[in-house]
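# Fold and contact review
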Amino acid sequence: MATDDLERLSAGYRRYLAAIVMFHLAAADEVGIGATDYQALNVLDVDGPMTSGELAQRLALSTGATTRLIDRLEASDVARRVPDPADRRRVMVEATGRMPDGMAEVLGVVREPVSKAFTGLDEHQLEGLATYLATATDAYRAATRELRARP
C-alpha cells in the first residue's frame, strides 16, 4: 500500500474515532448521565456481568470511584449487584436491560445508517472487519492498561 493511501486511511480512521467519541459524549449528556456511567453501561451490556474489580480495570478507575459508579447505576436501575453463581461470596455487577430514559431514541439515530453500511458488505468484508475490530480492541485495551500503569 502506498504512503498516500496509508495517510488517507489514517486520517479517515482518526475522523471516525473522533466522531464516535463526540457522539457518545453527546449521547451521555443528552440522557443526563456522565460519560463514565455511559461507558460502564456499554461495557456491562456488551461483555456481561463482571466483578466490580473487573469493571474498575476495564474503565481504569480506582476501586472507590467504581463503587460510587455502581451505586449511581443501581440508583438509576440500569445495573445491579448480584451474587456470583459460581461463588456466592463474590458479587457481580450486571446490566438490568433498562436504558436511561431517551437512550434508545438517541442511539437509534446512528444504528440504522451503521446497520445499512454493514448489510452492504459481503462475507469476506465482514470477516475482515470483525478481525480488525477484535485486533484494534485488544490493542487499545493494552495501551490503556499501559498508560494507567505509569507512575
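Quick note: structure is the one above.
Scoring rules and cut-offs
Residues numbered from 1 in each chain as written. Predicted model: local features only at pLDDT ≥ 70, side-chain atom pairs only at ≥ 80, totals over all residues. Heavy atoms only, no water. Helix = DSSP H or I, 4+ residues; strand = E, 2+ residues; numbered from the N terminus. Contact = heavy atoms within 4.5 Å. Salt bridge = Lys/Arg side-chain N within 4 Å of Asp/Glu carboxyl O. Buried < 20%, exposed > 50% of the residue type's maximum accessible area, 1.4 Å probe, protein only. Core = buried A, V, L, I, M, F, W, Y, C linked by side-chain atoms within 4.5 Å. Axes fitted to C-alpha atoms, helices over the stretch in contact; angles between N-to-C directions. Parallel < 35°, antiparallel > 145°, perpendicular 65-115°, else oblique. Nonpolar A, V, L, I, M, F, W, Y, C, P; charged D, E, K, R; others polar.

On to the environment of valine 91. Tracing the backbone shows valine 91 in strand β3 (residues 87-95). Distance from valine 91 to methionine 50, taken between C-alpha atoms, is 8.4 Å for residues 41 residues apart in sequence. In this view, valine 91 contacts Thr51, Ser52, Arg81 and Val82; residues no more than four positions away in its chain are not counted.

Summed over the entire model, instances satisfying the criterion amount to eleven salt bridges. Across the pair aspartate 47 and arginine 58 runs a salt bridge whose closest N-O atoms are separated by 2.4 Å. You can see aspartate 47 sitting in helix α2 (residues 35-47) and its partner arginine 58 sitting in helix α3 (residues 52-59), a full eleven residues away along the chain. Relative accessible area serves as the criterion here: at 36%, aspartate 47 is assigned to the partly exposed category. Overall, arginine 58 belongs to the partly exposed group, its relative accessible area being 31%. Note that aspartate 47 is salt-bridged to arginine 141, the shortest N-O span being 3.4 Å. Placement of the pair is aspartate 47 in helix α2 and arginine 141 in helix α6 (residues 123-149), with a sequence separation of 94 residues. Assessed through its relative accessible area of 32%, arginine 141 is described here as partly exposed. One network of salt bridges, with partners in common, ties together Asp47, Arg58 and Arg141.

Turning our attention to the nonpolar core. Ranked by internal contacts, the top residues of the largest apolar core, which has 13 residues, are Ala40, Leu44, Leu55, Leu59, Leu69 and Leu73. In contact with leucine 73, other than residues within four places in its own chain, are Asp37, Ala40, Leu41, Leu44, Val78 and Ala79. One finds Ala28, Val31, Tyr38 and Leu107 within the second-largest nonpolar core, a separate group that totals seven residues.

We now examine the packing of α2 against helix α4 (residues 63-75). For the pair α2 and α4, interaxial distance at closest approach is 10 Å and the crossing angle is 80 degrees. Classified by the interaxial angle, the pair formed by α2 and α4 is roughly perpendicular. Contacts between α2 and α4 involve Thr36, Asp37, Ala40, Leu41 and Leu44 from the former and Leu69, Arg72 and Leu73 from the latter. Taken together, the residues of the contact of α2 with α4 sort by class into five nonpolar, one polar and two charged.

Function cannot be inferred from these measures alone, as they are strictly geometric.
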